[in-house]
Amino acid sequence: QVQLVESGGGLVQPGGSLRLSCAASGSIFRIATMGWYRQAPGKERELVAGITRGGSTNYADSVKGRFSISSDNAKNTVYLQMNSLKPEDTGVYYCNIYNNYAQNYWGQGTQVTVSS
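Residues numbered from 1 in each chain as written. Predicted model: local features only at pLDDT ≥ 70, side-chain atom pairs only at ≥ 80, totals over all residues. Heavy atoms only, no water.

**Focus on the sheet that holds strand β8 (residues 77–82)**
Stage number 1. Taken together, the 4 strands give an open sheet; going across it, the order is β1-β3-β8-β7, and neighbouring strands pair in antiparallel fashion. Lying at the two open borders of the sheet, with one neighbouring strand each, are β1 (3–7) and β7 (67–72). Between one strand axis and the next, the sheet turns through 15° on average, direction left out of account.
Stage number 2. Pairing of strand β3 (residues 18–25) with β8 involves 6 bridges; the strand directions are antiparallel. The residue bridging Arg19 from the neighbouring strand is Gln81, located in β8. (Pairing = 2+ DSSP bridges. Helix = DSSP H or I, 4+ residues; strand = E, 2+ residues; numbered from the N terminus. Axes fitted to C-alpha atoms, helices over the stretch in contact; angles between N-to-C directions.)

As structure tokens, then:
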């Protein structure tokens, strides 16, 4: 059974930093991309950042220059370094893995709150 376990969320003041981690366990074959999504209250889930197995990355315009995604393919782990956090970054952050069989795997979500 595949499990994605996220960690690193919490409460941080505006301008602060957090680092999210997501470790996948179980049998996941032919991973294509790993990524982070977020869902703010009353809003739809949106892509924050993604990284391919080959290391290509993409970011939402709202986080470019502030967030950085990285991965450890050997450990099936993906990270999200979040700097210069803003109140509008508040939400539940979900880890996602998508493979070449069009299968999507999701973590349980970790809360990030940016507030003074």
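**Comments concerning the nonpolar core**
Stage number 1. With 27 residues, the main nonpolar core has Trp36, Leu80, Met82 and Tyr93 as its most contacted residues.
Stage number 2. The dominant element in this core, judged by the number of residues it contributes, is β3, at 4 residues. (Core = buried A, V, L, I, M, F, W, Y, C linked by side-chain atoms within 4.5 Å. Buried < 20%, exposed > 50% of the residue type's maximum accessible area, 1.4 Å probe, protein only.)

**Some points on the side chain of Glu6**
Stage number 1. Within the fold, Glu6 resides in strand β1.
Stage number 2. Looking at Glu6, its side chain comes within polar contact range of the main-chain nitrogen of Gln108, at 3.2 Å.
Stage number 3. A polar atom in the side chain of Glu6 sits 2.5 Å from the backbone nitrogen of Gly109.
Stage number 4. When residues no more than four places from it in sequence are discounted, the contact partners of Glu6 are Ser21, Cys22, Trp36, Tyr93, Tyr94, Cys95, Gly107, Gln108, Gly109 and Thr110. (Polar contact = N/O pair within 3.5 Å; in protein donor to acceptor, adjacent residues only side chain to side chain. Contact = heavy atoms within 4.5 Å.)

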